[in-house]
Amino acid sequence: MIDPQRVAKARPDSAGEDIAWPAEDVIILRNRPIRIGTPASRMSRYADEVWHIQPAHRDAHAAIPAVWWPTFPDALRQHFRAFFLAALDHPVPVEPNGRQSPNEQASIGTFPYWIIDMRVIARWLSDQGFENLSDVRNRDLDAFRTYVLRLDRTDGRKADLIGAVRVLWLFRDHLPAEGRLGCDFPWPGQTANEVVGATVRKRRENKTPRISDATMEALLAWVLVMIEQIGPDIRDAWREYQQLEAGEHPSQTKYTGTTQQRFLAHIEHCTENDIALPGQGGEHGLELAGNHVLRLVGVRKDLRSGLTPGHKRLFALSGLPISPVASVGEISGRVNGKPWRPTPIDVSELPTMVRLLSAALVTAICYLSGMRPGEVLNLRRGCRTHDDETGELQVIGHRGKGFDRAPDSPDLTEPLRPWVVVDAVHAAIALAESLHDLPLLFPSSLVSAHHERPSSANARKGTAMNNDIQDLISWINSEFRRADAADAIPADPAGRINATRFRRTLARFIVRRPRGLIAAALQYGHVDTKVTLSYAGNEDPSWLQDVAVEKLELIIDQIEEDARLLEDGEHVSGPSAQEYRDRVTQSAPFAGRVVMGVRNAERLLEQADPAVHHGQGMTCVWRAATAACRKAKLALGLPGADAPDETDCRSTCVNLAYTDRDITELQQELVQLQADAADPLAPQPRRDRAAAQAAQHLTIIGRHRDSATEDGRGIA
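Here's what I pulled together on the structure shown here. Positions within a chain are numbered from 1, following the residues in the order the chain's sequence is written. For a predicted model such as this one, the threshold for reporting local features is a pLDDT of at least 70, and the threshold for listing and counting side-chain atom pairs is 80 or more; totals across whole chains, interfaces and linings nevertheless cover every residue. As a rule here, side-chain values cover all heavy atoms of the structure and leave hydrogens and water aside.

1. What about the sheet that holds strand 14 (residues 619-621)?
As summarised here, the arrangement of the four strands in space is 12-15-14-13, forming an open sheet in which the pairing is antiparallel. This sheet does not close on itself; its edge strands, each paired only once, are strand 12 (572-573) and strand 13 (612-614). We call two strands paired when DSSP finds no fewer than two bridges between them. Where helices and strands are cited, they refer to DSSP runs of H or I of at least four residues and of E of at least two residues respectively, numbered from the N terminus.

Right, here's the structure in full:
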């Protein structure tokens, strides 16, 4: 227990007496790194009634509310202004009990919560008649605690208010004398939860629901269609529209002079080339799209006020037909062998199409990389790269968690971190970069960004992108139907698709697919090694921890299945047949264990994993010393892997075993191989290769049957 008298003596009574109130023109973020591209209008000063603190936040997609000082009571407004400036300038001082880590500045993301709590404290003090914080005494703390306990709020929120009083006290040495709480350290020897009598809940497990296989597979398939077929058409239409808006499209060079002269030139052009005039729906049916005509002939945006009656008569007398749409671009992408839509994109629907395309690109990058949604939304132009030594494709960005993260600024740049990705992610990033010239891949809006969050320095908010993803799914289901008339992307049983669900879904998907353990060991095991050895201290391998949990679940299920089949009489052949039986038998008694954290799951995985990998028509009972695939890599001077490489599997490897399930798969492949070997239209090398593979399959199947007969087990 801390002695209040000792705490009081440890604090100089004169602390802060020589500190003056801050000058009115002080820039409030003077000691914080500021995000690149922040306009001068967002650099608030001490006397401003509204303080913008978002420019100092790491994440361009986060919407950090401003501090509105009129909501604080007049008498104490100056005191709390000084407190927040001190909190922006200095690290949070260490509590007298020493529980805090020293020299850590409060995250900008913390300030909105402090603002709410400090406003409650300020209003209570004002209601009690206080005009200076220095007048607050210990007895007043007890009165405030009683007030907090009577509030109709959760225990957690009550504890937050207690913690806010302590934070206000801790910054006392950075405040003028009138702005320092005149009491001892509040409630020494107790945690905030203990002060309010709250029960501390244990840390809960990650309950983010995974997306079902049927939903995720369909969503990913359509996202790839968006990238490869639909997206380029949307991109090209958007580029054309932007050029027309700016008067920079090559087709506009032929229009000069007055608006009347431009219209006459356009009528002549349309007549000669048999082009219909752009149209739109109106009160009386199809009518001329006047604004788009003005756009086409290069009239400046600020001069477009619609068509005059004379202009309308001019177009009516031209005899030109009117198209049902005011279109831009062309349709070249194909879905199921047909153009993905019958007509070009209308200018009225183009902003929505661009938004849906961005949602598809975020989905592809987020799901196929394992990145957090915020990490994806904060990616910048030029983030694609590759490893010169290994040739791996990479994405360079910033980690999405950590108190010490700082925004990109001219004075301070946080170290970048790489993610190893597949080519579809690079393709998605390339398409995003081609949509605009802004620094962020996914700016706040390409159409109508709010003036408080300009696209030059802000990314799209996570909530808005989640809505975009849902709209993308709805649009795909409305435009494209399955052959059985069902939704192209079936609904997920767990409900709405949010980007935060992609990481866990990917971890489960990669290890639950056929031969997924091998793929996970090859790809993500390598990434894990890179994280450990090459980027220690800068990396965030938390997604790999999700992989470990999913891998543990799969291995436990696999052990149970293998043991059950062995007990039911499944036959195993091959050089490692006995080793397979021994490992499965030894691992089968595992009855489970309570896992409280991911690290525990990783340790348990090391103990429970029998290193049995079920591949395509074979089972690898992994032993590094005898693995033929590993020896082949070493012979070529490549690093030896610590997991099987099925692409380099050798039929002579002593690690191989064949279960009845493997033989069934080989028998199915044998039928196709024999057909390929007998195909008279196939090239001779292909027939020879198929015949050799068929002979190899027959040998393995024959040996399996012979060994089963010797064991007294017949194989059909």
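2. Thoughts on the packing of aromatic side chains
Here is the rule: rings of Phe, Tyr and Trp (six-membered ring for Trp) pair when centre to centre is within 6.5 Å. Planes less than 30 degrees apart are stacked, more than 60 are edge-to-face, and the remainder are tilted. With the rule as written, the count across this model stands at 20 aromatic pairs. The interplanar angle of 50 degrees and the centroid separation of 5.9 Å between the aromatic rings of Tyr46 and Trp51 together place this pair among those described as tilted. Think of it in three bands: residues with accessible area under 20% of the maximum for their type are buried, residues over 50% are exposed, and the middle band is partly exposed, with areas taken using a 1.4 Å probe on protein chains only. Its relative accessible area of 0% is what places Trp51 among the buried residues. A ring pair is formed by Phe144 and Tyr147, whose centres lie 6.0 Å apart and whose planes are at 40 degrees; its orientation type is tilted. Placement of the pair is Phe144 and Tyr147 together in helix 4 (residues 138-150), with a separation of three residues, close to one helical turn.

3. What to know about the packing of helix 4 against helix 5 (residues 155-170)
It is at 9 Å that the axes of helix 4 and helix 5 come closest, and there the two elements cross at 160 degrees. Classified by the angle their axes make, helix 4 and helix 5 are roughly antiparallel. The crossing of helix 4 and helix 5 is right-handed. Note on element contacts: helix 5 touches helix 4 through Lys158, Leu161 and Val165, opposite Leu141, Phe144, Val148 and Leu149. Within the contact of helix 4 with helix 5, the residues separate by chemical class into six nonpolar, no polar and one charged. Axis definition: a line fitted to C-alpha atoms, limited for helices to the stretch in contact. Angles are taken between N-to-C directions and run from 0 to 180 degrees. Just so you know how the angles are binned, under 35 degrees is roughly parallel, over 145 roughly antiparallel, 65 to 115 roughly perpendicular, and the rest oblique. In this scheme, a crossing is called left-handed if the near helix is turned counterclockwise away from the far one by less than a right angle; it is called right-handed if the turn is clockwise. The contact definition used throughout considers only heavy atoms, calling two residues in contact when any of these lie within 4.5 Å. Polarity classes work like this: nonpolar for Ala, Val, Leu, Ile, Met, Phe, Trp, Tyr, Cys and Pro, charged for Asp, Glu, Lys and Arg, and polar for all others, with Gly in that last group.

4. Structural notes on unusual backbone geometry
The backbone phi angle of Trp187 is positive, close to 50 degrees, even though this residue is not glycine. Examined against the element boundaries, Trp187 turns out to sit in the loop between helix 5 and helix 6 (192-196). Here Trp187 falls in the buried class, since its relative accessible area comes to 9%. In the Ramachandran plot, Ala485 falls in the positive-phi region, its phi being about 70 degrees despite a non-glycine side chain. Among the structural elements, Ala485 can be located in the loop between helix 14 (462-479) and helix 15 (502-512). Exposure remark for Ala485: the relative accessible area of 51% places this residue in the exposed category.

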